[in-house]
Amino acid sequence: MHELSVTQSMLEIALRHSQSAGARRVTDLHLVIGDLSSIVDESLQFYWDIVSQGTPAEGAKLHFQRVPLELICLACEDRYLPVGQDLACPACGSAQVKVVTGEEFHLEAIDVERETQLESVR
Amino acid sequence: MSQRVAVVEKILSANDRLAADNRTRLDSAGLLGMNLMASPGAGKTSLVEATVRGLSGRLRMAVIDGDIATRLDADRAVAAGATAVQINTGGECHLDAVMVQGALEQLKLDQFDLLLIENVGNLICPASFQLGTHLSVLVASVPEGDDKPYKYPGAYRGVDALVINKIDLLPYVSFDIDHFRRGVELLNPGLTTFPLSCRTGQGLDAWLDWAGVQVEAKRRTQT
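Scoring rules and cut-offs
- Residues numbered from 1 in each chain as written.
- Chains lettered and ligands numbered in written order.
- Predicted model: local features only at pLDDT ≥ 70, side-chain atom pairs only at ≥ 80, totals over all residues.
- Heavy atoms only, no water.
- Helix = DSSP H or I, 4+ residues; strand = E, 2+ residues; numbered from the N terminus.
- Buried < 20%, exposed > 50% of the residue type's maximum accessible area, 1.4 Å probe, protein only.
- Contact = heavy atoms within 4.5 Å.
- Areas by Shrake-Rupley, 256 points an atom, 1.4 Å probe, with all protein chains shown as cover.
- Lys, Arg positive; Asp, Glu negative; His and termini not counted.
- Charge placed at Lys NZ, Arg CZ, Asp CG, Glu CD.
- Salt bridge = Lys/Arg side-chain N within 4 Å of Asp/Glu carboxyl O.
- Pairing = 2+ DSSP bridges.
- Buried area = accessible area lost by both parts, 1.4 Å probe.
- Polar contact = N/O pair within 3.5 Å; in protein donor to acceptor, adjacent residues only side chain to side chain.
- Nonpolar A, V, L, I, M, F, W, Y, C, P; charged D, E, K, R; others polar.
- Arc of directions from axis to C-beta.
- pLDDT = per-residue confidence, 0-100.

Draft legend 1. Here's a closer look at the overall build of chain B. The helix and strand inventory of chain B stands at eight helices and eight strands. Projected onto its principal axes, the C-alpha coordinates of chain B cover approximately 65 × 45 × 35 Å. A burial count over chain B gives 56% of its 223 residues as buried. Contacts in chain B between residues far apart in sequence, at least 24 positions, make up 73% of those at least 6 positions apart. Accessible area for chain B stands at about 9400 Å²; split by element, carbon and sulfur atoms hold 50% of it. Where the 22 positive side-chain charges of chain B centre and where its 26 negative ones centre are 2 Å apart.

Draft legend 2. Representation of the pattern of salt bridges in the model. Residues and elements named next belong to chain B. Applying the stated criterion across every chain, the model contains 19 salt bridges over all chains. E105 serves as the salt-bridge partner of R25, at 3.6 Å between the closest nitrogen and oxygen. Taken together, the residues span a long stretch of sequence, with R25 in helix α1 (residues 13-29) and E105 in the loop between α4 (97-104) and β5 (114-118) at a distance of 80 residues. R25 sits in the partly exposed class, given a relative accessible area of 30%. A cluster of three or more residues bridged by salt bridges with shared partners is formed by R60, D113, E216 and R219.

Draft legend 3. Representation of the pairing of β5 of chain B. Residue and element names in this part refer to chain B. Among the five residues that make up β5, five are buried, leaving the element largely enclosed by the rest of the structure. Here strand β2 (residues 32-38) runs beside β5; their pairing, made up of five bridges, is parallel. Counterpart to N35 in the pairing with β5 is I117. In terms of strand pairing, strand β3 (residues 61-67) meets β5 through five bridges, oriented parallel. Bridging from a neighbouring strand, V63 pairs with L116 of β5.

Draft legend 4. Broad picture of the interface of chain B and chain A. Each partner contributes to the interface: chain B provides 30 residues, whereas chain A provides 37 residues. Between chain B and chain A, roughly 3000 Å² of surface is buried when both sides are summed, and carbon and sulfur atoms account for 56% of that area. It is Q3, I11 and L186 of chain B that lose the most area in chain B upon contact with chain A, and together they represent 24% of the buried surface on that side. Inspection of the region where chain B meets chain A yields three salt bridges. Between R157 of chain B and E103 of chain A there is a salt bridge whose closest N-O contact spans 2.6 Å. Across the contact surface, chain B and chain A share 14 residue pairs in polar contact (both at pLDDT 80 or more). Only β1 (3-10), α1, α5 (148-151), α6 (153-157) and α7 (177-187) of chain B provide two or more residues apiece to the side of chain B that touches chain A. Ranked by residues supplied to the side of chain B that touches chain A, first place goes to β1 of chain B with eight residues. Looking at the side of chain B that touches chain A, its residues break down into 16 nonpolar, five polar and nine charged. In terms of strand pairing, strand β6 (residues 105-114) of chain A meets β1 of chain B through six bridges, oriented antiparallel.

Draft legend 5. Spatial organisation of helix α2 (residues 41-51) of chain A. Residues and elements named next belong to chain A. Residues of α2 that are buried: D41, S43, L44, W48 and V51. Down the axis of α2, the buried set is contained in an arc of 160°. They therefore lie on one face. Exposed side of α2, more than 90 degrees from the buried face: E42 and F46 are the residues found there. Residues of α2 that are buried sit in contact with α1 (3-20), β1 (23-34) and β2 (61-67).

Draft legend 6. Molecular detail of the confidence of the model for chain A. Residues with a pLDDT of 70 or more make up 93% of chain A, whose mean pLDDT is 88. Here helix α3 (residues 115-121) of chain A stands out as the least confident element of chain A, with mean pLDDT 53; β1 of chain A is the most confident, with 96.

This is the structure we're talking about:
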């Protein structure tokens, strides 16, 4: 449970990118989170609503793209999604495995509103 | 009208950058940093005490202790003969690179050979936050149960060595060491492992020798 410090980092990254894009407001954050990264979506949203208050990203919606844990067997090179607690290779039973995906934890993109776009609408 | 801006940045990149700064500081002072992680009660502080006592003739050691509150652990490290700095995280469940940076400033780094950082007792969060140490060590203990590698994969995956503490309790608790080791093998194949007991001293020598060798190896790359 370290969602508070995580949301503070998210805010810093989102505001920095929105500022360099010349945006007025951040409306959406697109996050990619691997299943190994022990992050809880609801908890992240809860803290996000608090830390984003009073910033140009206040009220921005968080979108989570979950990446399942995928492993590769180092013995037979079978790639598989483990079921339950057993991470061993289902094809040959080897315990020598490597993570292919599932450790991701990054901010993929943000949606922003620009000053100029707003004026052109008026 | 909204517009998509590509970011593609790791959420904890700010922490990672500070961790790299910490590493540079340790490198320029020529000391080896070790991050000790474990659940509460596994024996991190006991291992720190045993390490300080066991290596004090050979190495100069500093300890950074992370806890939510109190300086009990730092006091124990000082009593064992180390220079110690306590970090109170005030509720945070892990140490991060910023906290360690602050603690490094309180130490005369070039007077030490080995820095032990005792993380907050927790098997989840510390694994996500790099501190800038050269090595990470997980301290497991027999009474925790043999299912921990299966339940806390993140903690077991990124570490460079594993200590299994309290092996003197093996006859009294149901801990299937083969089941435990298979779980570890799945997550971290070939992981260097030290079954030991800080209480009886059984197995401690292998751990102390390894720590000494790591410091020596660091010195050699330095010069």
